[in-house]
Amino acid sequence: MQTVAVIDYGMGNLHSVAKALEHVGAGKVLITSDANVIREADRVVFPGVGAIRDCMAEIRRLGFDSLVREVSQDRPFLGICVGMQALLDSSEENDGVDCIGLFPGAVKFFGKDLHEDGEHLKVPHMGWNEVKQNISHPLWHDIPDLARFYFVHSYYIAAANARQVVGSGHYGVDFAAALADGSRFAVQFHPEKSHTHGLQLLQNFAAWDGRW
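Residues numbered from 1 in each chain as written. Predicted model: local features only at pLDDT ≥ 70, side-chain atom pairs only at ≥ 80, totals over all residues. Heavy atoms only, no water.

- Per an unreviewed UniProt entry, the protein chain goes by Imidazole glycerol phosphate synthase subunit HisH and derives from Pseudomonas hamedanensis.
- Of the comments in the UniProt record for the protein chain, the one headed Subcellular location (unreviewed entry) reads "Cytoplasm". (UniProt positions renumbered as here; feature names shortened; annotations may be inferred.)

## Description of the overall build of the protein chain
Here's step 1: Secondary structure assignment for the protein chain yields six helices and 15 strands.
Here's step 2: Against the 2.2 N^0.38 benchmark of 17 Å for 212 residues, the protein chain shows a C-alpha radius of gyration of 16 Å, consistent with a compact globule.
Here's step 3: Across its three principal axes, the protein chain shows a C-alpha extent of roughly 55 × 40 × 30 Å.
Here's step 4: Expressed as a percentage of its 212 residues, the buried residues of the protein chain come to 53%.
Here's step 5: Considering only contacts within the protein chain whose residues lie at least 6 apart along the sequence, 70% involve residues at least 24 apart.
Here's step 6: Accessible surface, the protein chain: about 9300 Å² in total, of which carbon and sulfur atoms supply 46%.
Here's step 7: Taking the average location of the 18 positive side-chain charges in the protein chain and that of its 26 negative ones, the two points are 3 Å from each other. (Helix = DSSP H or I, 4+ residues; strand = E, 2+ residues; numbered from the N terminus. Rg over C-alpha atoms; globule rule 2.2 N^0.38 Å. Buried < 20%, exposed > 50% of the residue type's maximum accessible area, 1.4 Å probe, protein only. Contact = heavy atoms within 4.5 Å. Areas by Shrake-Rupley, 256 points an atom, 1.4 Å probe, with all protein chains shown as cover. Lys, Arg positive; Asp, Glu negative; His and termini not counted. Charge placed at Lys NZ, Arg CZ, Asp CG, Glu CD.)

## As for helix H1 (residues 14–23)
Here's step 1: Among all positions of H1, only Leu14, Val17, Ala18, Ala20 and Leu21 are buried. Looking straight down H1, one finds its buried side chains confined to an arc of 160°; they lie on one side. In H1, the exposed positions that point more than 90 degrees away from the buried face belong to His15, Lys19 and His23.
Here's step 2: Its buried side turned inward, H1 meets strand E1 (3–7), strand E2 (28–32), strand E3 (43–46), strand E4 (77–80) and helix H6 (195–207).
Here's step 3: Of the residues one or two after H1, glycine 25 is the one with positive phi, at around 75°. (Arc of directions from axis to C-beta.)

Next comes the structure, spelled out in structure tokens:
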């Protein structure tokens, strides 16, 4: 049976992610902060919620920045929400935070005065939003284009490499909802809270060989 390591650095909705992975038959799901267990896993999930400065402080304290660079190179790797944002170069949050830098680009604030078509848009962006599949990818298998996923975020990803943007969303501004590069895949939305389509994405991740 394959193992899926859900990285525990103290900042994430880990149990709901783990339960969803178990529900789709992903294998033996381990919530762990043990670097050796993470290195030995067949697949790795990197979730996260909360302030990016606190997240990055814990990630660096535990040495998980270098660990994430290492394990995401040679096996299926999935970043979720702040776990995705942490993979970018930097974030505007907390007056600027340097991140892990696996995907070029920046995490930017939606702003306090976000409008579209004369309507004020609430920040954080919270709720269901369509995701356009910009580029075909194995993790989109059996998920229709413009399927709706569940988002909770005040900051969005402005990707520097359009070829890595496999899914995009729109909320006042266009933003990267999914990024991919080799065996790395990352989403701004919460698949574990996105019902049928989110579970399908996790099932696709469980079956993915990491090639793209």
